[in-house]
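The primary structure of each chain is shown beneath.
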Amino acid sequence: MKKTLLALALSGACAGAAHAQSAVQIYGTIDAGVIKRSGDAVSIGKRSANTLGFKGTEDLGNGLKALFHVEVRYESDTGSNEIGSNGTQRPLFQGQSRVGLQGDFGMLRIGRGLTPFHETIGAFEPFHAIPTPGGFYTDLAVAGYSSQALDPVGYSNNRWSNAIWYNSPLVNGFQLNTAIATKENNGGPAIIGRGTAAAPQYPLGAEGSANPFSISATYNNGPAAFMAGYERNAIESKVWSIGASVFATPELKLMATYARQDQDNTRLFNAETRSWVLGANYTMGPGKFLAGYGEKDTDGLDKVKQLSVGYEYSLSKRTYLYLDASRKKGMVPTATNPGTINQYDIGLNHSF
Amino acid sequence: MKKTLLALALSGACAGAAHAQSAVQIYGTIDAGVIKRSGDAVSIGKRSANTLGFKGTEDLGNGLKALFHVEVRYESDTGSNEIGSNGTQRPLFQGQSRVGLQGDFGMLRIGRGLTPFHETIGAFEPFHAIPTPGGFYTDLAVAGYSSQALDPVGYSNNRWSNAIWYNSPLVNGFQLNTAIATKENNGGPAIIGRGTAAAPQYPLGAEGSANPFSISATYNNGPAAFMAGYERNAIESKVWSIGASVFATPELKLMATYARQDQDNTRLFNAETRSWVLGANYTMGPGKFLAGYGEKDTDGLDKVKQLSVGYEYSLSKRTYLYLDASRKKGMVPTATNPGTINQYDIGLNHSF
Amino acid sequence: MKKTLLALALSGACAGAAHAQSAVQIYGTIDAGVIKRSGDAVSIGKRSANTLGFKGTEDLGNGLKALFHVEVRYESDTGSNEIGSNGTQRPLFQGQSRVGLQGDFGMLRIGRGLTPFHETIGAFEPFHAIPTPGGFYTDLAVAGYSSQALDPVGYSNNRWSNAIWYNSPLVNGFQLNTAIATKENNGGPAIIGRGTAAAPQYPLGAEGSANPFSISATYNNGPAAFMAGYERNAIESKVWSIGASVFATPELKLMATYARQDQDNTRLFNAETRSWVLGANYTMGPGKFLAGYGEKDTDGLDKVKQLSVGYEYSLSKRTYLYLDASRKKGMVPTATNPGTINQYDIGLNHSF
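Residues numbered from 1 in each chain as written. Chains lettered and ligands numbered in written order. Predicted model: local features only at pLDDT ≥ 70, side-chain atom pairs only at ≥ 80, totals over all residues. Heavy atoms only, no water.

Further remarks concern the overall build of chain A. Within chain A, the secondary structure is distributed over three helices and 17 strands. Here the C-alpha radius of gyration of chain A, 22 Å, is about what a compact globule of 352 residues would show, namely 20 Å. The principal-axis extents of the C-alpha atoms in chain A amount to approximately 70 × 60 × 45 Å. Across the 352 residues in chain A, those meeting the buried criterion constitute 56%. A sequence separation of at least 24 residues applies to 54% of the contacts in chain A between residues at least 6 apart. (Helix = DSSP H or I, 4+ residues; strand = E, 2+ residues; numbered from the N terminus. Rg over C-alpha atoms; globule rule 2.2 N^0.38 Å. Buried < 20%, exposed > 50% of the residue type's maximum accessible area, 1.4 Å probe, protein only. Contact = heavy atoms within 4.5 Å.)

At the junction of the two partners, chain C supplies 47 residues and chain A supplies 56 residues. Interface area, chain C with chain A, both sides summed: about 4,000 Å², of which 69% is carbon and sulfur. At the surface where chain C touches chain A, the tally comes to zero salt bridges. Summed over the shared surface of chain C and chain A, the number is six residue pairs in polar contact (both at pLDDT 80 or more). Counting only elements with at least two residues in the side of chain C that touches chain A, the list comes to α1 (5–10), β3 (50–61), β4 (64–74), β5 (96–103), β6 (106–114) and β7 (159–167) of chain C. Broken down by class, the residue content of the side of chain C that touches chain A amounts to 25 nonpolar, 16 polar and six charged. (Buried area = accessible area lost by both parts, 1.4 Å probe. Salt bridge = Lys/Arg side-chain N within 4 Å of Asp/Glu carboxyl O. Polar contact = N/O pair within 3.5 Å; in protein donor to acceptor, adjacent residues only side chain to side chain. Nonpolar A, V, L, I, M, F, W, Y, C, P; charged D, E, K, R; others polar.)

Glancing now at the interface of chain B and chain A. The interface of chain B with chain A comprises 56 residues on the first partner and 47 residues on the second. Between chain B and chain A the total buried area reaches about 4,000 Å² when both faces are included, carbon and sulfur atoms providing 69% of it. Among the residues chain B hides against chain A, the three largest losses belong to Ile44, Arg318 and Phe352 of chain B. Together they make up 15% of the total. Seen at the junction of chain B and chain A, the total is zero salt bridges.

Below, the discussion takes up the relation of the copies chain C and chain A. When chain C is brought onto chain A, the operation consists of a screw motion whose angular component is 120 degrees and whose axial shift is 0.0 Å, with 0.0 Å RMSD remaining. These values place the two chain copies in the arrangement generated by a three-fold rotation axis. Measuring from the rotation axis to each C-alpha of chain C, the shortest distance belongs to leucine 92 of chain C, at 5.1 Å. Different-surface contact between copies: only 9% of interface residues of chain C are shared with the interface of chain A. (Least-squares fit on C-alpha atoms with pLDDT ≥ 70 in both.)

Turning our eyes to something else, we now look at the relation of the copies chain B and chain A. Laying chain B over chain A is done by rotating through 120 degrees and shifting 0.0 Å along the axis; what remains is an RMSD of 0.0 Å. Interface residue correspondence from chain B to chain A reaches only 7%, placing this contact among heterologous pairings that use different surfaces.

Residue and element names in this part refer to chain A. The pairing of strand β15 (residues 304–314) with strand β16 (residues 319–329) spans ten bridges and is antiparallel. Looking across to β16, one finds that lysine 305 is bridged to lysine 329. Here β15 hands over to β16 after four residues, the two strands then running antiparallel side by side. Bridge analysis of β16 against strand β17 (residues 340–351) gives eleven bridges, and the strand direction is antiparallel. Residue pairing for β17: leucine 321 is matched across the bridge by leucine 348. (Pairing = 2+ DSSP bridges.)

Counting all residues, the mean pLDDT for chain A is 92, and 92% of those residues have values of 70 or more. Here the predicted complex carries an ipTM of 0.91, next to a pTM of 0.93. (pLDDT = per-residue confidence, 0-100.)

All names here are of chain B. For tyrosine 230, the position within the fold is in strand β10 (residues 224–232). Look at tyrosine 230 and you get partly exposed, because its relative accessible area is 29%. Considering only alpha carbons, one finds tyrosine 230 and glutamine 261, 31 residues apart in sequence, at a separation of 9.8 Å. Beyond its immediate chain neighbours, meaning those up to four positions away, tyrosine 230 contacts Phe117, Phe213, Ser214, Ile215, Lys238, Val239 and Trp240.

For the rest of this paragraph, the subject is the side chain of glutamate 231 of chain C. Residues and elements named next belong to chain C. Here glutamate 231 lies in strand β10 (residues 224–232). Buried glutamate 231, no salt bridge; nearest opposite-charge side chain is arginine 232, N-O distance 9.5 Å. One polar contact links glutamate 231 to threonine 115, side chain to side chain, over a distance of 2.7 Å. In terms of polar contacts, glutamate 231 uses its side chain to reach the side chain of serine 214, at 2.9 Å. (Lys, Arg positive; Asp, Glu negative; His and termini not counted.)

For a regular strand, the rule is simple: side chains alternate between the two faces of the sheet. Residues and elements named next belong to chain B. Across the nine residues that make up strand β6 (residues 106–114), a large majority, eight, are buried. Relative to β6, strand β5 (residues 96–103) runs antiparallel, the two being bridged by seven bridges. Bridge pairing links glycine 100 to arginine 109 in β6. Here β5 folds back onto β6, and the loop between the two strands holds two residues. The pairing of β6 with strand β7 (residues 159–167) spans seven bridges and is classified as antiparallel. In the sheet register, leucine 114 faces β7, and the bridge partner there is arginine 159.

A separate point is the packing of aromatic side chains. The final tally for this structure, using the stated rule, is 36 aromatic pairs over all chains. For the ring pair tyrosine 320 of chain A and tyrosine 322 of chain A, a centre distance of 6.4 Å and an interplane angle of 65 degrees mean the geometry is edge-to-face. Summarising the burial analysis for this pair, tyrosine 320 of chain A and tyrosine 322 of chain A share the class buried. Members of the aromatic cluster, each reached through a chain of ring pairs, are Phe54 of chain A, Phe54 of chain B together with Phe54 of chain C. The lysine or arginine in question, arginine 98 of chain A, covers the ring of tryptophan 165 of chain A, its NZ or CZ lying 4.6 Å from the ring centre. (Phe/Tyr/Trp six-rings, centres within 6.5 Å; stacked < 30°, edge-to-face > 60°. Lys NZ or Arg CZ within 6 Å of the ring centre and 35° of its normal.)

Dropping the structure here:
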């Protein structure tokens, strides 16, 4: 069947058909293992997040590039979209969906993705930024801070929808990463805050009272790296952090973070939180030992303390086996959580 | 591990494994920008639909080909599946999911996709068939007509599930495009129509009273193109349209459409709607100006009028920046819509 | 923009970026046709399941490989995720999501996928293991058995979430396939069983009373193949089966299965079910005839009987047209099902 220009014009549903030069890359990870957690039966689950992403870069000439990422997050044990701790199904491209331009000026992107604060501090956490209680990322390293306050409960705490990112070029080891989001409400519940149940501080569907913004700076000098970050979310909770890592020897990496969260805007009590995490990674042939200890101290609450140790055995650059043990105590006790959790896991992680 | 024929036969879950000659293509678009709309705070969103598609063509010999498309639609600002205006999450392959054969006889496909009427008229709309109020496609160009009447509210109005498409070959510049759908109810609500709330004309779960069908013809002659289309949906709303476009100069494309909808079958009042859109695209180097004006006139309602102007700056064949301003007035006023909308947007569109 | 190691370390959201050697394969099927079923209007739907999968294999050296599959299941007629018979939307990677290692020892995988019992018996069913009433797989071949008892109603009956698979290497034509799952509840409803509505045998959210396990053995000897399988689910329903197939001539394949289900643990009545299916496939040039007859006999219920005949015409190794007629009777009559179903379908199946 001969095709004319009109026929091509009509194929609106086939956009991109003519772009043979397009080379979309598929990438991702799949991680699954056996987990034993205090109070639960043996389960199967993930240690780190599972992704299936599609990305591409187009050279626009003069050092300018267009780039995009759309990134599915999923549960390897059930095959579903990523599920929040309360059972909420997260969006299809929970990982990120961003398009942007990159050039001498740096990189500018728009859409959904990790906030600069969260992306940066994750690199200074000793367990690949995996969630608590295996790792320290989602609770201790960030002082319990949540970037998203007006999203549905169960959505991830370290991402923004409706935002613009700017990453500076790297100059003498320095890099600046920033993002700003709109005040849009993304379907979250009302937040009582300093109001009452009848008159919440942020009623159902309310916009943010401020534009969320996030900023981080990194400095890289030979074996040492440093970071500082600051973020404010849509309900004006604030967090700042500093972190450092150093290769004491080529095999031994040491790292530390300190973070402080201020929830004064919505809390009369328990508004200030301080946390710190110390970590080490030690590489020995194909094996790597991981260890970390951290504390989180919220005004008026018991101190939370966590110790984690792990071992990873690389079968290749893309595939490793892992084994972890962690103990976390001091959380507010609930029906299913007595205040102390021991967790053990063993599994397989594969990148593609 | 040696594999036998039985082992291969057992790998039902791995269908396609042996088809190394298969070359699935990934294609799509990602569009995101900053939008300011009357009555709303600044938001981030899309100008045109975002797609991630997978397609392939197999040569069957003798000029016959098998082909398929499955096409995700998503929101770049939140990473979710495409969301309808009322918050409804649309199906995973909202864009299309079709399989078919193509040969000297034309092209025959089955599944879900744009109706021929909607696909054709979209090519005569000056803003890439983007939704109102930025473009004219979803409201004015089609006289407010909806192809799907028995789908959930919020599903797209220009697609059919459960349909068969036939596109003729192109003969002397002429092409005929047709589709027919089953009467299946796809989970939409009851339609009161000429009935009552207690006895709706189409009760919950009712089948269509007729097989939806859609037909369009196009004629392409040098710089000029013409179209005519007719469609009837499952509740017997009818629409017809004519359109034309011409390259007055190599840089200047002019276009016009006229459409008329008849909803007599389900409406006592406001049953007849007429609309027209005039548009122009002017290319100047990497820049393109877009302009359009249109009116929609429904019996017994205020006339709807819309003016849109835009500018696109191409960074490559696949990537452009855009800037639009539009004004639409005459809609029935609601709490969030005072009857007149001004919209401004600026953003980036990338095809892959 | 120059990238440093730190910048790379920060790109946690881009895992896999550096793995240019990764070659993810896209595979799948799309099947759509026209169906006429007793009591229903003509509809469009699928004959066999539709998949879109992503898979990869990594050579780890010494005969060891890492492998993964994530596999979308979808409806070709509506573009949605696969939908259960009751309208339930199944998980994104309903087909499977598994990661594992393969070597001289066999293959070990973890995640979600078909149970060994279900995967093996499917290869001895004459209609590509398609669902009833077109094929015999989901009801007669397995004696109505469901692998998943604690999943949401409408999820597929032949898969496990939260499981570990081991497939032995093939030794002298023998292969052993096993899987074991955790007792996790996956969000299914309460099961009254031998309890009462007030005190169900398995209350809402209850864990399994036993670890589900599944085992199958296959033996392949020239033109003949044999299987035996056994499985127990989380509520201790048990099933076993035997099956055989033989190429009587190079064109004619004959096959038979027998299965027996025991639901004593949750049923006072109708606890024992026996079923058998006889089938034949006859290849003649590009055409293939399929035929099968089967019965299912549950204690205290009417016998279910099904006869199906079909014809497939291959346009290539990846694409065929099909035409089926089937009759099934003896089901418990319901409002939409009078106890006997005749089904006719004609369509197109394409693998990629």
